Amino acid sequence: MSAIVQNLLGPGWPWVRLLLYLAGIGAFVGANAAYLVLAERKIAGRIQRRPGPNEAGFGGWMQPFADVGKLFAKQMMIPPGTDRLLYCLAPLMVMAPPLICLTVIPYGENLVARNVDVGLLLVFSFGSINVMALMLAGWASRNKFAIISSARVVSQNVAYEIPMLLVVITLLMATGTLNLNEIVGQQGGWFWNWNFFRVWVNPLMPVTFVIFFICMLAETNRAPFDMAEAESELVAGAFTEYGGMGFGVFFMAEYANIVVGCSIATVLFFGGWQSPFVVLSGPVFGPLWFMVKLYALVFTVMWVRWTFPRTQFYNLLNLSWKILIPISLFTLLLTGAMMKLPLLLHHLF
Amino acid sequence: MIAQKEAPPAGPSGGAPQETFVLNLGPQHPAAHGVLRILMTMDGEWITRAEPVIGYIHRMHEKMGENRTWAKFLPNTSRIDYLSAMHYTHAFVGAVERAAKIEVPARAEYIRVITSELNRIASHMVWWGALLSDLGGLTPFLYAFDDRELILDLFEGICGARLTYCYYRFGGLCNDVDDDFLKGARAFVKHMPPRLKMYRDLVTDNIILRKRLTGIGPISADMCRRYGATGPVIRGAGVAYDVRKVEPYSAYPQFDFKIPVYPECDSMARYLVRMDEMEQSLRIVEQALDSLPAGPVMGKVPRVLKLPPGDYSYAVEAARGRFMVRIVSDGKDIPYRVRLRTPSFSNLSLFEEASRGMILPDALAMLGSLDLVIPDIDR
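Heads up: these notes are all about the structure in this document. (Residues numbered from 1 in each chain as written. Chains lettered and ligands numbered in written order. Predicted model: local features only at pLDDT ≥ 70, side-chain atom pairs only at ≥ 80, totals over all residues.)

1. Section: the overall build of chain A
(1) Moving on: Assigned secondary structure in chain A consists of 13 helices and zero strands.
(2) Moving on: Mapped from its N terminus to its C terminus, chain A presents α and β elements in the order α-α-α-α-α-α-α-α-α-α-α-α-α.
(3) Moving on: Computed over the C-alpha atoms, the radius of gyration of chain A is 21 Å, within 12% of the 20 Å expected from 2.2 N^0.38 for a compact globule of 349 residues.
(4) Moving on: Dimensions along the principal axes, computed over C-alpha positions, put chain A at roughly 75 × 60 × 45 Å.
(5) Moving on: The 349 residues of chain A split such that 42% are buried. (Helix = DSSP H or I, 4+ residues; strand = E, 2+ residues; numbered from the N terminus. Rg over C-alpha atoms; globule rule 2.2 N^0.38 Å. Buried ≥ 20, exposed ≤ 12 C-beta atoms within 10 Å, placed from the backbone.)

2. A word on the sheet that holds strand E6 (residues 310–318) of chain B
Residue and element names in this part refer to chain B.
(1) Moving on: On the basis of which strands lie adjacent, the open sheet formed by three strands has the order E6-E7-E8 and antiparallel pairing. Looking at the sheet topology across the chains shown, the edges are occupied by E6 and strand E8 (337–341). Strand after strand, the sheet turns through a mean of 15° between neighbouring axes, direction not considered.
(2) Moving on: Bridge count between strand E7 (residues 321–329) and E8: five bridges; the pairing is antiparallel. Residue pairing for E8: Val328 is matched across the bridge by Arg337.
(3) Moving on: Contacts from helix H3 (residues 85–100) reach E6 and E7 within the one sheet, and its direction differs from that of E6 by about 150°. (Pairing = 2+ DSSP bridges. Axes fitted to C-alpha atoms, helices over the stretch in contact; angles between N-to-C directions. Contact = placed C-beta atoms within 7 Å.)

3. Considerations on the packing of helix H4 (residues 106–134) of chain B against helix H5 (residues 139–159) of chain B
All names here are of chain B.
(1) Moving on: Interhelical geometry of H4 versus H5 gives an angle of 160° and a closest axis separation of 8 Å. Looking at the two axes, H4 sits roughly antiparallel to H5. For the element pair H4 and H5, the recorded crossing hand is left-handed. Contacts between H4 and H5 involve Thr115, Leu118, Ile121, Ala122, Met125, Val126, Trp128, Gly129, Ala130, Leu132 and Ser133 from the former and Pro140, Phe141, Ala144, Phe145, Asp147, Arg148, Ile151, Leu152, Leu154 and Phe155 from the latter.
(2) Moving on: The residue inventory of the contact of H4 with H5, partitioned by class, reads 16 nonpolar, three polar and two charged. (Parallel < 35°, antiparallel > 145°, perpendicular 65-115°, else oblique. Left-handed = near helix turned anticlockwise from the far one by under 90°. Nonpolar A, V, L, I, M, F, W, Y, C, P; charged D, E, K, R; others polar.)

4. Looking at the nonpolar core
(1) Moving on: Core analysis: the largest hydrophobic core is formed by 110 residues, its most contacted members being Ala91 and Val96 of chain B.
(2) Moving on: The element contributing the most residues to this core is H4 of chain B, with 15 residues.
(3) Moving on: For Ala91 of chain B, the residues in contact, after removing those within four places along its chain, are Tyr314, Ala315, Val316, Phe323, Met324 and Val325 of chain B.
(4) Moving on: One finds Leu102, Tyr160, Met205 and Phe213 of chain A within the second-largest nonpolar core, a separate group that totals 86 residues. (Core = buried A, V, L, I, M, F, W, Y, C linked by C-beta atoms within 7 Å.)

5. Here we look at the environment of Phe181 of chain B
All names here are of chain B.
(1) Moving on: Position of Phe181 among the secondary structure elements: in helix H6 (residues 179–204).
(2) Moving on: With 21 C-beta atoms counted inside 10 Å, the residue Phe181 sits in the buried group.
(3) Moving on: Separated by 81 residues in sequence, Phe181 and Ala100 place their C-alpha atoms 31 Å apart.
(4) Moving on: If we ignore the near neighbours within four places in the chain, the residues touching Phe181 are Leu154, Gly157 and Ile158.

6. Thoughts on the sheet that holds strand E2 (residues 37–43) of chain B
Residue and element names in this part refer to chain B.
(1) Moving on: Judged by pairing direction, the sheet is antiparallel, and its three strands sit side by side in the order E1-E2-E3 without closing on themselves. Every other strand in the sheet has two partners, leaving strand E1 (21–25) and strand E3 (46–53) as the edge strands with one partner each. Across this sheet, the average inter-strand angle for adjacent strands is 20°, counted without regard to direction.
(2) Moving on: Two strands pair when backbone bridges link them, and E2 and E3 are joined in this way by seven bridges, in the antiparallel orientation. Among the inter-strand pairings, Met42 is bridged to a residue of E3, identified as Ile47.

7. Thoughts on the environment of Arg114 of chain A
All names here are of chain A.
(1) Moving on: With respect to the helices, strands and loops of the structure, Arg114 is situated in the loop between helix H4 (84–102) and helix H5 (119–127).
(2) Moving on: Between the alpha carbons of Arg114 and Val104 there is a distance of 5.3 Å; along the sequence they are ten residues apart.
(3) Moving on: Setting aside anything within four residues of it in sequence, one finds Arg114 in contact with Thr103 and Val104.

8. Focus on the pairing of E2 of chain B
Residue and element names in this part refer to chain B.
(1) Moving on: In E2, alternate side chains face the same way, and those of Ile38, Met40 and Met42 are buried while those of Arg37, Leu39, Thr41 and Asp43 on the opposite face are not.
(2) Moving on: Here five bridges tie E1 to E2, and the two strands are oriented antiparallel to one another. The partner of Leu23 across the bridge, within E2, is Met40.

9. Details of H4 of chain B
Residue and element names in this part refer to chain B.
(1) Moving on: Compared with an ideal rise of 1.5 Å per residue, which puts 29 residues at 42 Å, H4 spans 42 Å between its outermost C-alpha atoms and is within 8% of the ideal.
(2) Moving on: Among the 29 residues in H4, 28 count as buried, and that is most of the element.
(3) Moving on: Directly beyond the C-terminal end of H4, a positive phi value near 95° is found at Gly136. (Expected span 1.5 Å × (residues − 1).)

10. Things to note about the environment of Val239 of chain B
Residues and elements named next belong to chain B.
(1) Moving on: Here Val239 lies in the loop between helix H9 (232–235) and helix H10 (243–246).
(2) Moving on: On the neighbour-count criterion, Val239 (19 C-beta atoms within 10 Å) is partly exposed.
(3) Moving on: Taking C-alpha positions, Val239 is 27 Å from His33, a pair spaced 206 residues apart along the chain.
(4) Moving on: Excluding residues within four positions of it along the chain, Val239 makes contact with Ala221, Cys224 and Ile234.

In structure tokens, the structure reads:
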């Protein structure tokens, strides 16, 4: 049996592997988007002392299906005067990048769709397409709220891409590879080998994670940085004119982006599929550990959303340009200095 | 389609004219809390001019007052500002009592004070939740309603209504309070301070909230005076103007309480004024419960009420500021004129001047800090 599977997944049958992973990632994204929405509503309910959705199915477990059914039943309306092509293209463009990013994320030791050597680069280059999709959605819908929203999205994402990439470069200096599987491989053993705890590489490692997390919230337009969809200011921002499944796709993409962002954080800082205690690792427990870490981070994202008020737009930009970028530049320099210091000392003495 | 071509205003520092657009905020907008419509002339996200358009739920309360008897107008008063219905009924009842020289028993006055102050807390809780949801924090709203619910349950017990109470009558109250109410009010006075401390720790001291409100939306005492803004708006501008102290009415002179004043003039000052006011209201309720006199709750009132001809007015400190009822009687059993001076109307009218040059999120935060109730503006 395993020989057949090996044969199917082996080098002779690359397309089977590809198809399997396509179906797998599609199912993973779909299930995540559906049930993370439910989880978010349940968590919001828990934080707000109310039960949350509990009518459809046992304890509300059928709620995602009810939601999707409702969204599909709605008429897909294109308001007059919109740029039809861009209006229809934007939901596709916002959904495609997270799907592509998920192909390179290692869920387990051998569980990765494409083990690309420049995986991290691929994730960040496709991740930034998201901005353009939101901008197009706002621009194409011919709505003043949407236009304001797209202007905000662009300046917000430009501002937060910089500290995020600086943090990633800091990590790359420590890891020396862009291959996500290798980055995870380096963090084996006990949990203090995770990049988050590697204070001997850079004493500010936990700070870099916090910067990464803040930037991830801003990049995925999550509260308290949800400038694109600030409902009390811009109604629904760039999505104001979208209805039915067009809106549903934006909604799904938001959660898919959160999953991608948290997966990257897990891989870069929390040792991906590595067990924290050496024991209970391997091909079965590896993906489980990955999921535990991933959903702990996803939960934090939701927790933050239902706890804090929204930042003001200019404070948001100030936070990036005046605080996050200087700190991340400093950590970058510090890591470089700490890596080169032994060499320098060796030369001098 | 976006740019407004006619008469572009000059750019900052007299530079080239810039293109602006008109953003129609409302009457259906999440931040409008009802049917307020604001036409904003925007330069990007900067507001060059904001023109409030009101009247979407104008219900002719003043005109209705002129064609029904004094008593029949009573239910209208709790529908003007439905969030502080007790205060509004108090003002109308007070004006009629002043005109007809009706003596109100001490117990009734004390209970009026207790219910008015509880109503103030309930109203401020709604404002607090609504302001925070304007700022994007949706959770405090449900906590605020949790506390408000306790007050509404108490009111339901004494007058049967949860929102439009109509509990005060000429000469007293429609019902005496029972032991359940007194016990419940005492329990509430115990329950609230820890909650207020929790709100202070979790929300007021939150850095994002501080950044959103501190220094934002300055409204000076001078501007308040020019537009007639009262209540927490003028007290947040450093003026200790409170009708309960300035024109004492009912049993208020017998209680010891402070008027919270903050001189910073910004949204945070108005926020803190209201938060402190809730503590003071609790103090008043506690004192009134401790010294509640026994006796009847209804004075002697003539069966057919005809006021002597004249011009009478009575002001109360409602949750949003000074509410005054002015009644003109020509000796008949229906009023000649009922004039309602509502605080939200004045508080909104300064929005145009105060919001000039602000950016949209800040202007909406300031709008939230004004605590508008749209039916109170339109009435």
